[in-house]
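Residue-level structure breakdown
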Amino acid sequence: MNNWMPPFHSGTRAGGKDLQDLRGLARSPFHAFLRKVARPPRPRVKTATPEAPAPAYRMIAAFASSQTWRWLAEYVRHRFGPRHPFQTYQGHGSGIYRLQGDEHGDEVRVALAGDWGTGTDEAALVARQIEGFRAHYTIHLGDVYYMGDGREVAENFLGQPVQGSHFTPIAWPLGSRGSFSLLGNHEMYARGIAYFRHILPSLGEMRNGVSQGQQASFFCLENDDWRVIGIDTGYDSVNWPFIESILEPDCALPPLLIDWLEKTLKPSEDDARGIIVLSHHQYFSAFDHAYPKAATQLATFFKRPVLWFWGHEHRLTIYDKFSVKDGVEAFGRCIGHAGMPVDLAPTTPAHPEVPIVFLDERVYHNDEHLHLGMNGFARLTFRSKQLLVDYVDLHGTCIYTETWTAEDAQLLREDAGPV
């Protein structure tokens, strides 16, 4: 059966990076560096048809003598050396910000997107939808590809032209009240240096139209009814060079972040507000490897269910309440589908014990003729105790919606379902 549809046209720009060069990217710095040097130096011309697709830029190109030396030089330059120091809010406020909307309105709009920093035309379409939402806050859940170094951060996140590049830069859309970003494993492939030095200073609270900077890789946005807590699972997500391809870290929360939770945020069972957790790595998954360590650390502070959004896994999946032994109970929401090629789910889940409520299985008819899922993001609209969450694709179609109420320290899910 031929499911071909005419190639899409973004109507916004040309010259984005191609999905096929990011498809099947293994989660290891070694592989990320290899795939980067194998990528063509400029975007492909989209004139192929499904019957005669454009030739792929073969991975064997990375093993040409000149490319091999470039690959090894890049790997050594970025992977060897100390990580950027972990930053905290000591001497720079508390890291807790007032969640607020327009001056005379009680509605607060927040846009969440994961794994957006690819520079693809699909990422540009998602950014356009975020801008149309007129968000008060925009939050990136982490990952700038391939390894989040200075050039990639400039081109794929800050929208700054890079000398010698033939790709069109793209900027993360800023909220009218503020913007924040979590730290992903890909930024740590370059030891987190560009993330801390360039991404964080471009974000934070917005005052008089100017971003004030985000001091640390964790934060809390709060009002009288809700707390939105961003945690850092990325800083300890990468092992020593070469060993990292064999032993994968558990993405535990750094001790200084735990100290902030205990002494500054001070979660309390007497606090009846609804709790929303944001992270880069998934707490659990029906399809992929999970990272439950952070959930067992958070269980010390939260004795009731939380609503948890994460990225890292490139698909949209809505889960029912679930937990692992000694971990906090959570309604998991995987939204790592903002810019990367979206993985279509296998027929049989690897972890059937994890309860799926909704899975976006639609096929994205793209101009590269790849068999992929749909990119998108999540729109959160707070109205006092009520929270509306819409899951929107890159064309602006709302595919799933749910309504939550924070009542007496509990999260109550009301209307929910596909649109």
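Heads up: the structure comes first, above all this text.
Notes on the structure follow.

Each value, and the rule that gives it
Residues numbered from 1 in each chain as written. Predicted model: local features only at pLDDT ≥ 70, side-chain atom pairs only at ≥ 80, totals over all residues. Heavy atoms only, no water. Helix = DSSP H or I, 4+ residues; strand = E, 2+ residues; numbered from the N terminus. Contact = heavy atoms within 4.5 Å. Pairing = 2+ DSSP bridges. Axes fitted to C-alpha atoms, helices over the stretch in contact; angles between N-to-C directions. Disulfide = S-S within 2.5 Å. Buried < 20%, exposed > 50% of the residue type's maximum accessible area, 1.4 Å probe, protein only. Patch = residues over 30% accessible without salt bridge, like charges linked within 9 Å, V, L, I, M, F, W, Y side chains within 5 Å. Areas by Shrake-Rupley, 256 points an atom, 1.4 Å probe, with all protein chains shown as cover. Salt bridge = Lys/Arg side-chain N within 4 Å of Asp/Glu carboxyl O. Phe/Tyr/Trp six-rings, centres within 6.5 Å; stacked < 30°, edge-to-face > 60°.

Turning next to the environment of Pro355. The residue Pro355 is located in the loop between strand 12 (330-335) and strand 13 (356-359) in this model. Apart from the residues lying within four places of it in its own chain, the contact partners of Pro355 are Ile318, Tyr319, Asp320, Lys321 and Phe322.

Turning our eyes to something else, we now look at the sheet that holds strand 7 (residues 219-222). Ordered by their spatial adjacency, eight strands build an open sheet running 1-7-8-9-10-12-11-13, and the pairing between neighbours is mixed. At either end of the open sheet lies a strand with only one pairing partner, and these are strand 1 (96-98) and strand 13. Each neighbouring strand pair of the sheet contributes to a mean axis angle of 15°, computed without reference to strand direction. Pairing between strand 7 and strand 8 (residues 226-230): four bridges, direction antiparallel. Residue pairing across strands places Glu222 opposite Arg227, the latter belonging to strand 8.

To continue, consider the state of the cysteines. According to the stated counting rule, one finds zero disulfides in the structure shown. Of all cysteine sulfurs, the one in Cys334 lies closest to Cys251, which takes part in no disulfide; the gap is 14 Å. Given a relative accessible area of 2%, Cys251 falls into the buried group.

Our next topic: a nonpolar patch on the surface. On the surface, a nonpolar cluster with roughly 500 Å² of combined accessible area is contributed by Trp240, Ile243, Ile246 and Leu247. By secondary structure assignment, the location of Leu247 is in the loop between strand 8 and helix 7 (255-265).

In this structure the tally under the stated criterion is 25 aromatic pairs. Arranged with centres 5.8 Å apart and planes meeting at 15°, the rings of Phe86 and Phe218 form a pair that is stacked. On the criterion of sequence distance, the pair formed by Phe86 in the loop between helix 2 (65-79) and strand 1 and Phe218 in the loop between strand 6 (210-211) and strand 7 is long-range, its members being 132 residues apart. Phe218 carries the same exposure label as Phe86, and that label is buried. Between Tyr283 and Trp308, the ring centres sit 5.1 Å apart and the planes meet at 35°, which makes this aromatic pair tilted. Separated by 25 residues along the polypeptide, Tyr283 in the loop between strand 9 (274-278) and helix 8 (293-298) and Trp308 in strand 10 (residues 306-310) bring together distant segments of the chain.

What follows covers the environment of Pro40. Mapped onto the secondary structure, Pro40 falls in the loop between helix 1 (29-38) and helix 2. For the pair Pro40 and Arg27, spaced 13 residues apart in sequence, the C-alpha to C-alpha distance is 21 Å.

Another aspect to go through is the sheet that holds strand 6. The strand order across the open sheet built from nine strands is 6-5-4-3-2-14-15-16-17, with neighbouring strands paired in mixed fashion. Every interior strand has two partners, whereas the edge strands, strand 6 and strand 17 (410-418), have only one. Pairing analysis gives two bridges linking strand 5 (residues 204-207) to strand 6, with the strands arranged antiparallel. Along strand 6, the bridge assignment pairs Arg207 with Val210. Packed on one face of the sheet, helix 3 (residues 121-133) meets strand 2 (107-113), strand 3 (137-140), strand 14 (376-383) and strand 15 (386-393) and runs near 15° to strand 14.

Attention shifts here to the pairing of strand 14. Burial within strand 14 is extensive, with six of its eight residues counted as buried. As paired strands, strand 2 and strand 14 are joined by six bridges and run antiparallel to one another. Looking at the pairing, Leu112 lines up with Ala378 of strand 14. Connecting the antiparallel pair strand 14 and strand 15 is a turn made up of two residues, with Ser384 showing a positive phi of about 55°.

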